[in-house]
Amino acid sequence: MKKLSSKKLITVLTSLITTFVFGFVTYSADTVNAETTDTTQGAVQVEQTTPAVTSDTSQQDDVSTTTPATTSDTVSAVNADSNANVQASYSATSDQPNDTEIANSQLATSAAEDGMVLLQNQDNSLPISTDQSVALFGAGAYGTVKGGTGSGDANPRQTVNIWDGLQNAGYQVTTNDWLTKTAADYDQKKADFSKTAVLLSTFNYTDPEISQADFDAAPADVGIYVLSRNAGEGKDRTNTKGDYQITDAEFNNIKNIANNYSNSVLLLNVGGPIDMSFLYEVPNLKSVLLVSQGGQNTGTAVADLISGKTTPSGKLTDTWALNYSDYPSSATFAENDGNSMTENYNEGIYVGYRYFDSFNIIPQYEFGYGLSYTNFSINPDKTYVDGNNLVSQVTVTNTGDTYSGREVVEEYYSAPAGTVDKAFQNLAAYAKTDVLAPGQSQTLTLSFPIYNMASYDTSTASYIMDAGDYIIRIGNSSRNTHVAAVLNLPEKVTTEQLANEMMPDADPTTLHGSSTMYTPADQAAEMASATQITLDPSTLSYALGDNTSQYDTNRVTTYVEQGSNQLLPNNGLKQDIQYVDPAEGSSLFDVYTGKITMDQYVASLSTKQLTKIVNGNLDLNAEGFEALKNQIGIGQGGSSNVVVGGASTTVPGAAGQTTSALLDRGVPVSVNSDGPAGLRLTPIATKNGQTIYQYATAWPIGTLMAQTWDPAMVYQVGNAVGKEMAEFGIDTWLAPGMNIHRNPLNGRNFEYYSEDPLVAGITAAAETRGVQSNPGVGTTIKHFVANNEETNRFVTNSVIGEQALREIYLKGFEIAVKDAQPEYVMSSYNRVNGEYNSGNYDLLTNILRGEWGFKGGVMTDWFSFKSFTDPAALMHAGNDLIMPGGTQIPLQVDASVLPIGGNKLMLGDLQKSAKRVLTSIMNTNSFAKTYNVPVNSFTPQDVSTTMGANGQNW
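Remember, predicted model here, so these are calculated numbers, not experimental data.

Caption draft 1: Representation of the overall build of the protein within the structure. Of the regular secondary structure elements, the protein holds 26 helices and 38 strands. Counting every position in the protein, which comprises 954 residues, the buried fraction comes to 65%. Of the contacts made within the protein by residues no fewer than 6 positions apart, 77% connect residues no fewer than 24 positions apart.

Caption draft 2: Inspection of the packing of aromatic side chains at higher detail. For the structure shown, the criterion picks out 36 aromatic pairs. For the pair F215 and Y261, a centre-to-centre distance of 6.3 Å together with 70° between the ring planes defines the contact as edge-to-face. Note that F215 is positioned in helix α6 (residues 212–216) and Y261 in the loop between α7 (248–260) and β6 (263–269), a separation of 46 residues in sequence. Per residue, the accessibility class of F215 equals that of Y261, and both read buried. Among the aromatic residues, those joined into a cluster by ring pairs are Y244, Y324, Y327, Y350, Y355, F356 and F359. In this structure, R742 packs its charged tip against the face of Y345, placed 3.7 Å from the ring centre. Taking the ring centre of Y836 as reference, the NZ or CZ of R831 above it sits at 5.7 Å.

Caption draft 3: Examining the sheet that holds strand β30 (residues 732–733) more closely. Spatially, 6 strands are ordered β26-β27-β30-β31-β33-β36 in an open sheet, and the strand pairing comes out mixed. The sheet is open, and its two edges are formed by β26 (656–657) and β36 (857–860), each paired on a single side. The strands touched by helix α21 (residues 841–851) within the sheet are β31 (778–784), β33 (824–827) and β36, with β36 carrying the most contacts at an inclination of about 150°.

Caption draft 4: Layout of helix α4 (residues 162–169). Turning to α4, its buried residues are I162, W163, G165 and L166. What you see down the axis of α4 is that its buried residues fit within an arc of 165°, all on one side. Buried residues along α4 sit in contact with β3 (133–137), β4 (172–173), α5 (176–196), β5 (222–228), β6 and α8 (298–307). N-capping of α4 is provided by N161, with a side-chain oxygen placed 3.2 Å from the backbone N of W163. In the segment just after α4, G170 is the residue with positive phi, at about 105°.

Caption draft 5: Just the sheet that holds strand β12 (residues 389–398), in detail. In space, the 5 strands of this open sheet follow the order β11-β12-β15-β37-β38, with antiparallel pairing throughout. The open sheet has two edge strands, β11 (376–386) and β38 (952–953), and neither has a second partner. Of the strand pairs in this sheet, strand β15 (residues 441–449) and strand β37 (residues 948–949) are connected by 2 bridges, and their pairing is antiparallel. Among the inter-strand pairings, S447 is bridged to a residue of β37, identified as G948.

Caption draft 6: The arrangement of helix α17 (residues 711–728) in detail. Across its 18 residues, α17 extends 26 Å between first and last C-alpha, which sits within 8% of the 26 Å expected from 1.5 Å per residue. Among the residues making up α17, those that are buried are P711, M713, V714, V717, G718, A720, V721, G722, E724, M725 and F728. Positive phi appears at G729, one or two residues downstream of α17, with a value of about 80°.

Caption draft 7: Here's a closer look at the pattern of salt bridges. On inspection of all chains with the given rule, the structure shows 33 salt bridges. With a shortest N-O distance of 2.8 Å, D248 and K241 are connected by a salt bridge. When its relative accessible area of 48% is taken as the criterion, D248 is described as partly exposed. Where D619 meets K612, a salt bridge forms, and the shortest distance between an N and an O atom there is 2.4 Å. Accessibility expressed as a relative area gives 6% for D619, which makes it buried. Counted as one network, the salt bridges with shared partners bring together E233, R748, E751, E790 and R793.

Caption draft 8: Seen up close, the side chain of Q364. Locating Q364 in the fold gives a position in strand β10 (residues 363–365). Note on Q364: relative accessible area 12%, which makes it buried. Leaving out residues up to four positions away in the same chain, Q364 has contacts with M276, S277, L279, Y280, W320, A321 and L322.

Caption draft 9: Local environment of the packing of α17 against helix α18 (residues 757–772). Their axes nearest at 6 Å, the elements α17 and α18 cross at an angle of 40°. By the angle between their directions, the pair α17 and α18 is classed as oblique. The element α17 and its partner α18 pack so that their crossing is right-handed. Here α17 contributes P711, V714, Y715, V717, G718, N719, V721, G722 and M725 to the contact with α18, which in turn contributes I762, T763, A766, E767, R769, G770 and V771. Taken together, the residues that form the contact of α17 with α18 break down as 9 nonpolar, 5 polar and 2 charged.

Caption draft 10: Molecular detail of the pairing of β11. As defined by bridge partners, β11 adjoins β12 across 10 bridges and the pair is classed as antiparallel. Following the sheet pairing, S377 is matched in β12 by T397. Here β11 hands over to β12 after 2 residues, with G387 in that stretch at a positive phi of 65°.

Caption draft 11: Main features of the packing of helix α3 (residues 99–115) against α8. Across the interface, α3 lies against α8 with an axial gap of 9 Å and an inter-helix angle of 50°. One element, α3, and the other, α8, form an angle in the oblique class. As for how α3 packs across α8, the hand of that crossing is right-handed. Residues T109, A112 and E113 of α3 form the contact with α8, whose participating residues are T300, A301, D304 and L305. Each residue belonging to the contact of α3 with α8 can be placed in one class, and the counts come to 3 nonpolar, 2 polar and 2 charged.

Caption draft 12: Here's a closer look at unusual backbone geometry. Cis geometry marks the peptide bond from K782 to H783, where omega comes out at -5°. Among the secondary structure elements, H783 is positioned in strand β31. A cis amide bond links F784 with the next residue in sequence, V785, at an omega value of 15°. Relative to the helices and strands, V785 resides in the loop between β31 and β32 (797–799). Positioned with a positive phi, N903 is a non-glycine residue whose angle comes to about 60°. Summarising the element assignment, N903 is placed in the loop between α24 (888–894) and α25 (907–921).

Cut-off values and rules
Residues numbered from 1 in each chain as written. Predicted model: local features only at pLDDT ≥ 70, side-chain atom pairs only at ≥ 80, totals over all residues. Heavy atoms only, no water. Helix = DSSP H or I, 4+ residues; strand = E, 2+ residues; numbered from the N terminus. Buried < 20%, exposed > 50% of the residue type's maximum accessible area, 1.4 Å probe, protein only. Contact = heavy atoms within 4.5 Å. Phe/Tyr/Trp six-rings, centres within 6.5 Å; stacked < 30°, edge-to-face > 60°. Lys NZ or Arg CZ within 6 Å of the ring centre and 35° of its normal. Pairing = 2+ DSSP bridges. Axes fitted to C-alpha atoms, helices over the stretch in contact; angles between N-to-C directions. Arc of directions from axis to C-beta. Polar contact = N/O pair within 3.5 Å; in protein donor to acceptor, adjacent residues only side chain to side chain. Expected span 1.5 Å × (residues − 1). Salt bridge = Lys/Arg side-chain N within 4 Å of Asp/Glu carboxyl O. Parallel < 35°, antiparallel > 145°, perpendicular 65-115°, else oblique. Left-handed = near helix turned anticlockwise from the far one by under 90°. Nonpolar A, V, L, I, M, F, W, Y, C, P; charged D, E, K, R; others polar.

Function-wise, these values are silent; they only describe arrangement.
This is the structure:
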């Protein structure tokens with residue numbers, strides 16, 4: 001990465017410094033020490049004659065107070081006097097790849113191959129032998145996009161573009177002269193763009209029209225055109241030529257390649273759907289392969305697929321529409337209606353295939369679609385009830401005679417009409433076969449809890465199953481299924497009781513189903529001959545119980561040392577005071593060993609110390625200003641490969657870290673790193689006078705990972721990321737991203753998985769479990785919640801009905817939390833129903849902890865607007881860590897008893913968040929290495945199961 005241009009630097013400096021000092025300026029009048037003041041206005045005097053009050057169970061903090069020591073082979077502990085010395089041992093001082101880097105590169109290729117999707121293959125024109133010559137066109141052949149921009153980027157040692165991938169595979173490329181000329185123009189235009197580009201802007205090269213002379217100069221057996229698109233953080237895509245639509249030049253290039261070569265292939269190097277309606281005007285085009293953005297080895301994976309070395313097995317995780325206007329949110333998304341400040345989710349639950357199927361809209365490519373070089377038969381053998389689970393056994397056979405391959409089995413259910421909105425069908429489970437040779441069969445077992453078919457009823461704040469027939473469909477896409485069973489529920493049941501949370505002032509939903517739903521051929525006959533099962537209402541009634549949150553937003557528990565006469569701030573909340581034995585001078589290690597409790601430890605900390613813990617290292621001190629320099633790209637040891645946005649002063653390029661202000665109290669620094677496609681670090685940096693190398697793997701983008709439809713593969717990638725984290729000294733990965741693909745123009749969709757919450761949730765859970773199978777490292781699922789556009793992302797308001805919020809936008813996060821227990825959840829910038837997510841008690845406490853049982857911490861996204869305007873609200877709401885920091889002084893004033901500015905934050909709320917951050921730190925590799933002790937996985941053994949796939953629960 002090159003140095004920032006002066007224009008870009010000014011933009012970055014202005015925005016970040018202004019944001020950083022905002023909180024300080026706001027509270028600048030309150031310069032009196034907030035800890036030592038004896039002003040008593042509004043304060044609570046702690047008298048030792050006051051009996052200790054035990055708070056009820058609803059207010060007990062839900063973090064562990066100790067971390068049991070267990071042996072772990074993956075944690076290698078070293079003795080160190082301070083965290084700085086520990087961290088110095090991580091990064092490589094050799095410029096040669098080690099075993100981890102080599103193994104991860106190979107896995108990245110395999111993952112890319114499993115998630116690329118064959119969309120068209122007329123006359124079985126693919127695969128093509130490496131003995132055939134290839135005319136390769138399109139700037140994307142050289143400037144192949146490995147992944148999107150912003151925090152979702154990564155910096156590997158090298159990337160393999162499609163041009164190199166084909167040549168490495170042995171293809172004779174006849175267009176090297178054209179590609180060389182195009183590459184030079186590409187590089188020049190990219191360099192020119194970089195000189196004037198502002199922060200978070202994305203370079204896209206515009207392909208010129210290829211002349212007939214260029215075609216004539218490159219005779220070949222096969223013509224290939226690479227169409228590329230890039231997008232990234234901070235800006236949404238547009239429904240214009242050169243973005244969602246192809247340009248006139250691109251259309252002519254594709255058409256002319258199809259006319260000039262007997263065999264023609266279009267490679268889509270894109271992070272999300274584009275308008276494919278032009279295909280009807282290019283009937284001679286033989287094949288279309290969705291390359292997506294496959295990470296550092298995209299070119300290698302493409303070569304393996306088009307040569308037949310590997311058979312495509314990816315399936316779409318989004319519906320690709322015939323026209324952009326077919327998406328129900330198309331008219332109002334972002335600036336499409338001139339109002340990006342308020343997004344009314346009028347479509348309700350009807351997102352993606354739920355809309356296309358329920359309103360019988362014909363798609364270009366349906367959800368779950370993907371071709372292969374071979375054919376498969378999918379035969380449901382048996383569907384039965386086992387307790388409260390529905391189990392289906394399905395035999396898949398490779399009926400082809402040439403190519404081996406893998407197939408995905410998708411199981412859907414259709415619920416009966418009733419008292420709430422329902423889609424035509426919903427995905428319930430899925431599984432992927434092994435590689436099957438021609439004639440080979442495999443029987444897959446799919447299962448899911450029957451109560452997963454319940455719908456949310458806003459009027460009763462409960463999940464309900466209406467009486468009637470539940471149709472079970474099995475196939476390999478949403479539009480290619482057959483009825484496997486019909487389940488009859490004799491009477492309506494409530495499966496889970498909750499409370500209304502995050503309700504809008506008025507439900508914006510205008511779509512409530514259709515009388516013209518898509519109906520598969522032969523559905524009536526298939527239902528008549530399918531297995532008939534009668535469900536027992538008594539086993540489903542309150543199967544999940546009453547999970548109404550027991551937290552009380554009006555109460556807080558504060559821990560005070562026996563013998564203290566401390567003045568406590570009072571903002572009007574009911575305060576339960578718990579007295580603990582003094583633990584002055586204690587260490588966090590004392591909590592680990594069980595010598596003291598976490599309650600004692602936090603009670604021994606000053607308000608100032610607590611505010612340091614709940615903030616990142618961006619602070620009004622020397623370390624904080626070094627972090628600010630790193631954040632804006634002028635720090636990191638003067639490296640020429642700086643990562644803008646990396647505030648860490650410990651690991652160059654890492655996004656941030658916790659405070660070093662409490663090293664003397666035994667709290668080591670814990671480092672976190674972007675992003676969803678791999679650790680975003682400075683690849684070459686200088687530290688302590690020594691050159692270090694941090695070449696992290698660039699994995700396929702999130703959407704491609706989900707397109708594998710293979711949780712086991714995703715788990716492998718997560719496990720590999722976890723090992724890489726341990727090597728580079730990263731404790732917390734700011735990933736996975738898992739927002740719903742509500743609209744294809746969201747600029748960050750490439751980071752996210754799918755339009756479907758089950759796919760999003762299972763993929764995130766698998767990746768989290770994989771990462772956290774390495775004790776000492778954890779994930780941060782993001783962006784919580786409904787972060788579905790980048791335009792005005794800091795302040796935009798998503799207005800969503802509660803049913804849609806729970807069934808579509810919260811559901812994936814719920815699955816990931818219950819099935820994997822990530823280390824952190826990251827709250828998003830935006831508002832939902834008028835309230836900022838980072839300060840929303842309903843979201844971060846009642847739903848996340850009270851209903852779902854989340855045990856970890858919540859952190860803000862970087863420079864969240866709400867964190868600087870009202871950090872006290874974040875602490876109370878359950879947002880525990882403000883990143884990258886900067887609100888230490890405002891919080892000290894808020895938690896003081898000052899007559900002006902004080903009594904806004906109860907000390908107990910500050911302690912609560914500090915406990916969660918400290919508990920996380922106490923389970924990290926940084927802690928393990930500091931004290932030469934083992935730590936546990938963040939994922940416990942007793943996680944939930946949303947679906948079973950061939951013997952593995954997810």
